[in-house]
Amino acid sequence: MEKISMLKIKEVFRLKYDAKLSARKISRALNISHTVVNGYIQRLEASNIPYGDLEEMSDSEILSMLYERKARPSKYPVPNWNEVHLQLRNKIVTLELLHEEYCNQYPEGHYGYTWFCNQYRAYTKKLSPSMHQIHKAGEKVFIHFSGVRRAIVDPMNGKISYAEIFVAILGASGYPFVMAVASQKKEDFFAAHNAMFKDFDGVPQLLVPDNLKSAITKADRYEPDINQGYAKLAEYYGSAILPTRSLKPKDKALVENGVKLMQRWLLARMRKETFYSITQLNSRIKELLPLYRNKKIKRLDVSRQELFDTLDKPALMPLPATSYTYRAFKLLKVSIDYHVQLAHCFYSVPYQLIHKKVGVWYSDTTVSIYYQGKEVATHPRLQRKGLYSARGRT
């Protein structure tokens, strides 16, 4: 059958199933033979993949499905590659072990290790880019903001503001967490993390942000600078930060695909709805999110909820007793009266630190002051300009 461009292939299917045109009308519209049109339609129908599912498939997946050759009968039993792919997400499982188990399962006849590895690699090439890499259970959560924001209407004056959509995807299971926040500022970014960990009821080993300003102060291909506030949050939860590498699309495939699907599954479904608060928007997200979590993944025939329950959930680290409290950081110089000035209020430190630079971590309620990594004073946060605090622990 004559091969045509991917653009024309998709247009053939659109005109057939959306516009309901005949093969001859499609052939005239696209200037291709009607036999070619019928050939592609027959191949799609033979694949048993519904037309509506094509939008979630990559071009390479569609081509593979259309041009896939009939496999010759196997000499020996063939492993269940879906199961192999899922088993590899367990931290202690290797291809060598799975091949050994396959051999034990079929002692009367089985394929060798080289064949096993080659066939598994061929299987992974048919998967979407976000599924190519093997992410170990409980290891990584990929973090991003959706590029599409959601309008919030003030019920008092009709003024419109826009909520950011925070999206996180666990690596092994593809299990998503979605939350609307007021901005991409650190306080909202960190609040979303607290809610994410609570929803997961555990903490992954690595946080993988996509070079977001809330997480990374300087984006660099090899050594990005992580802002100190985000490092403190990771330290509090016993996790670590591993930013995605610039110009490395495989690092971002999972979360970018997740963001795209969240836009289709959540934002598209809510496009005709009006929200009057972020709280109301988040309530609606919580209603819709289980629909996606419980949807079966093509080829694997298992849902993200099932994968989360069996893979990621048991491997997550336990939550601390309380959530992380956001604290901002400033480097300040101690004045002659052995105080530092923060937001027009003054906080005392030991007099030996006069003219020294100290690190100040502060929240809405407390101010903690450090010198050379050691805490030297802590104070309650003052709420009125011009006040002095000399009552802190020093």
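Residues numbered from 1 in each chain as written. Predicted model: local features only at pLDDT ≥ 70, side-chain atom pairs only at ≥ 80, totals over all residues. Heavy atoms only, no water.

Participant: Just to check I follow, could you spell out the sheet that holds strand β16 (residues 374-380) for this structure?
Facilitator: One key point about sheets: their strands pair by backbone hydrogen bonds, in either a parallel or an antiparallel sense. With antiparallel pairing, the 4 strands of this open sheet are ordered in space as β11-β14-β15-β16. The sheet is open, and its two borders are formed by β11 (328-333) and β16, each paired with just one other strand. In this sheet, neighbouring strand axes are inclined to one another by 25° on average, regardless of whether the strands run parallel or antiparallel. In this structure, β11 lies alongside strand β14 (residues 357-362), joined through 6 bridges in antiparallel fashion. Of the residues in β14, the one forming a bridge with Leu331 is Gly359. (Pairing = 2+ DSSP bridges. Helix = DSSP H or I, 4+ residues; strand = E, 2+ residues; numbered from the N terminus. Axes fitted to C-alpha atoms, helices over the stretch in contact; angles between N-to-C directions.)

Participant: Can you help me understand the sheet that holds strand β13 (residues 345-348) in this one?
Facilitator: One open sheet accounts for 3 strands, arranged β12-β13-β17; its pairing is mixed. What marks the edges here is a single partner per strand, and that holds for β12 (339-342) and β17 (388-389).

Participant: Can you walk me through the pattern of salt bridges in this structure?
Facilitator: Close approach of charged atoms lets side chains of opposite charge pair. Under the counting rule described, the total for this entry stands at 7 salt bridges. Across the pair Asp199 and Arg293 runs a salt bridge whose closest N-O atoms are separated by 2.9 Å. Taken together, the residues span a long stretch of sequence, with Asp199 in helix α9 (residues 186-200) and Arg293 in helix α12 (residues 278-293) at a distance of 94 residues. Of the residues examined, Arg293 reaches a relative accessible area of 8% and is grouped as buried. With its nearest N and O atoms 3.0 Å apart, the salt bridge here joins Arg284 to Glu273. On the criterion of sequence distance, the pair formed by Arg284 in helix α12 and Glu273 in the loop between α11 (249-267) and α12 is long-range, its members being 11 residues apart. (Salt bridge = Lys/Arg side-chain N within 4 Å of Asp/Glu carboxyl O. Buried < 20%, exposed > 50% of the residue type's maximum accessible area, 1.4 Å probe, protein only.)

Participant: Explain helix α13 (residues 304-315) to me, please; I cannot follow it from the model alone.
Facilitator: One full turn of an α-helix is made of 3.6 residues, so residues set three or four places apart face in the same direction. Along its 12 residues, α13 runs 15 Å from first to last C-alpha, staying within 8% of the 16 Å computed at 1.5 Å per residue. For α13, every residue scored as buried is listed here: Arg304, Gln305, Leu307, Phe308, Leu311 and Asp312. The buried residues of α13 all sit within an arc of 155° when viewed along its axis, so they share a single face. Among the exposed residues of α13, those pointing more than 90 degrees away from its buried face are Thr310 and Pro314. (Expected span 1.5 Å × (residues − 1). Arc of directions from axis to C-beta.)

Participant: Mind showing me how you'd approach the confidence of the model for the protein here?
Facilitator: When the pLDDT values of the protein are averaged, the result is 84; 87% of them are 70 or greater. Averaged over each element, pLDDT in the protein is lowest for helix α8 (residues 129-132) (50) and highest for β13 (96). (pLDDT = per-residue confidence, 0-100.)

Participant: What's the story with the environment of Leu242 in this structure? I'm lost.
Facilitator: Following the sequence through the fold, Leu242 ends up in the loop between β8 (240-241) and α11. For Leu242 and Val141, which are 101 residues apart along the polypeptide, the C-alpha to C-alpha distance reads 9.9 Å. Beyond its immediate chain neighbours, meaning those up to four positions away, Leu242 contacts Lys140, Leu206, Leu207, Val208 and Pro209. (Contact = heavy atoms within 4.5 Å.)

Participant: For this particular structure, what's the right way to read helix α10 (residues 228-237)?
Facilitator: All of the buried residues along α10 are Gly229, Tyr230, Leu233, Ala234 and Tyr237. End-on view of α10: buried residues confined to an arc of 140°, all on one side of the axis. Phi turns positive, to about 75°, at Gly238, one or two residues after α10.

Participant: How do you make sense of the packing of helix α6 (residues 95-105) against helix α7 (residues 113-125) when you look at a structure like this?
Facilitator: The relative placement of two packed helices comes down to the angle between their axes together with the axis-to-axis distance. Where α6 meets α7, the closest approach of the two axes is 10 Å, and the angle between their N-to-C directions is 115°. α7 is crossed by α6, and the crossing has right-handed handedness. Counting all contacts with α6, which are made through Leu95, Glu96, Leu98, His99 and Tyr102, the residues of α7 involved are Tyr113, Phe116, Cys117 and Tyr120. Residues that form the contact of α6 with α7 fall into these classes: 7 nonpolar, 1 polar and 1 charged. (Left-handed = near helix turned anticlockwise from the far one by under 90°. Nonpolar A, V, L, I, M, F, W, Y, C, P; charged D, E, K, R; others polar.)

Participant: Mind showing me how you'd approach unusual backbone geometry here?
Facilitator: Only a minority of non-glycine residues have a phi that is not negative, and only a minority of peptide bonds are not trans. Here Asn31, not a glycine, exhibits a phi torsion of approximately 60°, which is positive. Tracing the chain through its elements places Asn31 in the loop between α2 (23-30) and α3 (34-47). In this structure Asn31 comes out as exposed when scored by relative accessible area, which is 69%. Phi is positive for Gln372, which is not a glycine, with a value near 50°. Mapping Gln372 onto the fold places it in the loop between β15 (366-371) and β16. What makes Gln372 exposed here is its relative accessible area of 72%.

Participant: Teacher, can you tell me more about the nonpolar core here?
Facilitator: What tends to happen in soluble globular proteins is that the nonpolar side chains get buried as a cluster. Ranked by size, the top nonpolar core spans 26 residues in total, and within it Phe166, Phe200 and Leu207 carry the most contacts. Elements supplying a minimum of two residues to this core: β1 (140-145), β3 (160-170), β4 (176-181), α9 and α10. No other element matches the 6 residues that α9 contributes to this core. The contact partners of Phe166, leaving out residues within four places of it in the chain, are Ile143, His144, Phe145, Phe177, Val178, Met179, Phe189, Ala192, His193 and Met196. If you look at the next biggest cluster of nonpolar residues, it comprises 21 residues, including Trp81, Tyr123, Ala172 and Ile297. (Core = buried A, V, L, I, M, F, W, Y, C linked by side-chain atoms within 4.5 Å.)

Participant: Please clarify how the pairing of β12 should be interpreted in this entry.
Facilitator: In terms of strand pairing, β12 meets β13 through 4 bridges, oriented antiparallel. Of the residues in β13, the one forming a bridge with Gln341 is Phe346. Count of turn residues in the β12/β13 antiparallel hairpin: 2 residues, of which Ala343 carries a positive phi of about 50°.

Participant: Hey, could you run me through the environment of Met156 in this one?
Facilitator: By the secondary structure assignment, Met156 is in the loop between β2 (150-153) and β3. With relative accessibility at 76%, the residue Met156 sits in the exposed group. In sequence terms Met156 and Tyr276 are 120 residues apart; their C-alpha atoms lie 9.5 Å from each other.

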